[in-house]
Amino acid sequence: MRGNVRPSEWTPIGVPSLEPAALDVVHSRQNMLVVAGPGAGKTELLAQRACFLLQTGRCPFPRRILAISFKRDAARNLSDRVKLRCGSDLASRFHSYTFDAFAKNLVDRFGQALPDQFRPTRDYKINFELTKWAASDWINQSLPTQGSTLSPAVRARINGIQFYEGPFVGQRLSLDRLEGRPPIERAAAELWRYMLKGDLRSEMNFHMIGRLAELILRRNPKILAALRAAYAYVFLDEFQDTSSIHYDLAVTAFRGTTTVVTAVGDNKQRVNKWAGALDGIFDRFEQDFASKRTHLLFNYRSAPELVRVQSFVAAAIDPNAPAAQAAMYIADGKPDGECLSLIFTNYEVEARELAKMIKRWIKQDALSPRDVCILTRQRPEHYAKLLQAELLKANINSRVENSLQDLVAEPLTIYVVHMLRLAASNHAPQSWGAIVDLLAQLQGELGERFERRMSRKFSQFVVDLRTKLVNLPTDPCMIETLLDEIIGFFGTDEFKAEFQQYAQGDFFAKTRRDIAQELASRFARLRLSDALDDLEGVGAIPIMTMHKSKGLEYHTVIFIGLEDAALKGFNAERDEETCGFFVALSRAKMRAVFTFSERRPTYNVVQIQKREAINPLYDILKAAGIEPQHVA
């Protein structure tokens, strides 16, 4: 669709309507802070706003829209919705990144404009081992003592977490001299120097990359001006989880400019304080960006009964928050959702009875396994281990998603799997269409002639690939070679240019290596199509932590272990743990279940479980009329 629709004539695309507050946001010309609870349609709101701006010319050619999310699948989902609703031509001016990918793109393109002391090598390596929990080890064991201004005794007294969250990545990078500065600040400067200059290849984690991206913009007015000229509108999703790294980058890039910024989030779902999420970020954004705050009130996800229960939790978190309204219509005689609090005598009974319930629910509600989700506060492989065994006895597959969720959402994984599905079957039209669209996008060609020419080349490649996979390779190195051939068909350079997170550094190589490892373990025991299903979790109940479930939704959600031991940080972080409880509850469309086992193994020792510290959560459920039920 061309961008020539009059604003007064524009209507939402793909949905019957938007609530009035959402429509105001779509049309807005000013910075907006949108407080949107679970099921409010935050992704749909941003997609509709993008379509409005592009189709009406409010975002005039050649200016673009930048959307920044925290999760890869959220960024991809938003991009897909915009493309579906307004077509590839206009959607080409909608750029959807994660914060990490956006920052990495800046560093990859303009890193050589950094001051020498902060300039990484072009072939830098992504280091996933440098975390705040490991910071003390890096200070005391990795930093060379030669040339250091700090003695081993001084280093040993530095608190690693305070060091990491403070001068290392918790603050804007400074070019000031270090003479007379506290030891913790000098240690930060020395670790930066060691990571960037201590070897032939620089090493960085994504927090460091975020700080470098902000410094690039702060120190280079021409690059900053070009960024601002490129993007007329910016969307910031899941804004409640914004850290100082993310916020400083956004402020440096867009505060006080003509770029219109729309931030969307929900303070009741703020569960990433451990990852640096800032207190009071909504108020701060309002002040820094002179924004208008508005609330979305409709919940399009959950059944009325669940919305009612959610309102009690929401009020406990923020008594001043307006109550959400259920938008789901329930026909007469149909259940309007249910919330259960179940108590079991031990974890074995819990696993056995939950497996029976899940089997019954799948049958009576005509569900697929992917319609059910099992959540835990922590260690899902521990809390759900016995339940997985009981489900398998009932011929129901399940798997822990935490380690695979990010990998499966990577573009490299997505298109490799599409190509392998075509090799596995003559009937994979969705995969065929996805790859043809990607090839057209990479080569900048459209039309029937291109499709005919590309289809012949594409078909032959699939035939050749199918021949190579008659005997599935189980050696990861051989699989990596196969992956290189697949990406080579797309054009390796073109693929990396399209998906900027792969442009420089070793993230592309690491992702390819991880894919090969996962495929190798499956090729050794499964047919090709089954291996791909297993990798993507097709036909398996997903199991994950409540943090990983953010942004997702399921017909039935089962939270295992609403117990003191599982939520051991409740007394210290009551607000955040209550927000996590709210996130778990609000993933459910029709059914939410919370379990307590009177006996459960803790680090291989069966112990009596309690619910004294977290009793406020049970009190909220009781206030909503959800009384614990004992299951024999």
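Going by the structure above, here's the rest.
A brief look at the structure comes next. Note that the coordinates shown come from a computational prediction; the quantities given were computed from them, not determined experimentally. (Residues numbered from 1 in each chain as written. Predicted model: local features only at pLDDT ≥ 70, side-chain atom pairs only at ≥ 80, totals over all residues. Heavy atoms only, no water.)

### So, the layout of surface pockets
Stated formally: Each cavity reported here is a set of points on a 1 Å grid over the protein atoms alone in which a 1.4 Å probe fits but cannot get out, each pocket an open set with protein on both sides within 12 Å along at least five of seven lines, and each lining residue one with an atom within 4 Å of a point. Grid points are joined across faces, edges and corners, and a volume is the space filled by probe spheres set on the points. Working definition: helices are DSSP H or I runs of at least four residues, strands are E runs of at least two. Numbering for both runs from the N terminus. Charged residues are taken to be Asp, Glu, Lys and Arg, nonpolar residues to be Ala, Val, Leu, Ile, Met, Phe, Trp, Tyr, Cys and Pro, and polar residues to be all remaining types, Gly included. Here the limits of each domain have been adopted from an automatic or database domain assignment.
In this structure, the second largest pocket occupies an estimated 880 Å³ of space. By residue number, the principal contributor to the lining of the second largest pocket is helix α13 (residues 304–317), which donates 7 residues. Classifying every residue of the lining of the second largest pocket gives 25 nonpolar, 10 polar and 11 charged. Each of domain 1 (20–104 + 214–296) and domain 3 (304–397 + 539–630) gives at least three residues to the lining of the second largest pocket.

### Quick word on empty space enclosed by the protein
Under the criterion given, the structure shown has 3 cavities of 30 Å³ or more. There is about 60 Å³ of room inside the largest cavity. Along the walls of the largest cavity sit Phe 99, Asp 100, Ala 103, Phe 206, His 207, Gly 210, Ile 245, His 246 and Leu 249, which together make up its complete lining. Going through the elements one at a time, α4 (99–110), α9 (206–219) and α11 (244–254) are the ones with two or more residues in the lining of the largest cavity. Tallied by class, residues from the lining of the largest cavity come to 5 nonpolar, 3 polar and 1 charged. In this structure, the second largest cavity occupies an estimated 40 Å³ of space. Taken together, Val 107, Asp 108, Gly 111, Gln 112, Pro 120, Thr 121, Arg 122, Tyr 124 and Gln 504 form the lining of the second largest cavity.

### Side note on the sheet that holds strand β7 (residues 260–265)
Quick note on the threshold: Whether two strands pair depends on DSSP finding at least two bridges between them. The axes used here are C-alpha line fits, helices contributing only the stretch in contact, and every angle between their N-to-C directions lies in the interval 0 to 180 degrees. We call two residues contacting when some pair of their heavy atoms lies within 4.5 Å.
An order of β3-β2-β6-β7-β1-β8 is seen for the 6 strands of this open sheet, with the pairing classed as parallel. On the outer flanks of this sheet lie β3 (94–98) and β8 (292–296), each paired with one strand and no other. Going across the sheet, the axis of each strand differs from the next one's by a mean of 20°, ignoring polarity. Helix α10 (residues 221–230) rests against β2 (64–69) and β6 (231–236) of the sheet, and its axis sits at about 85° to β6.

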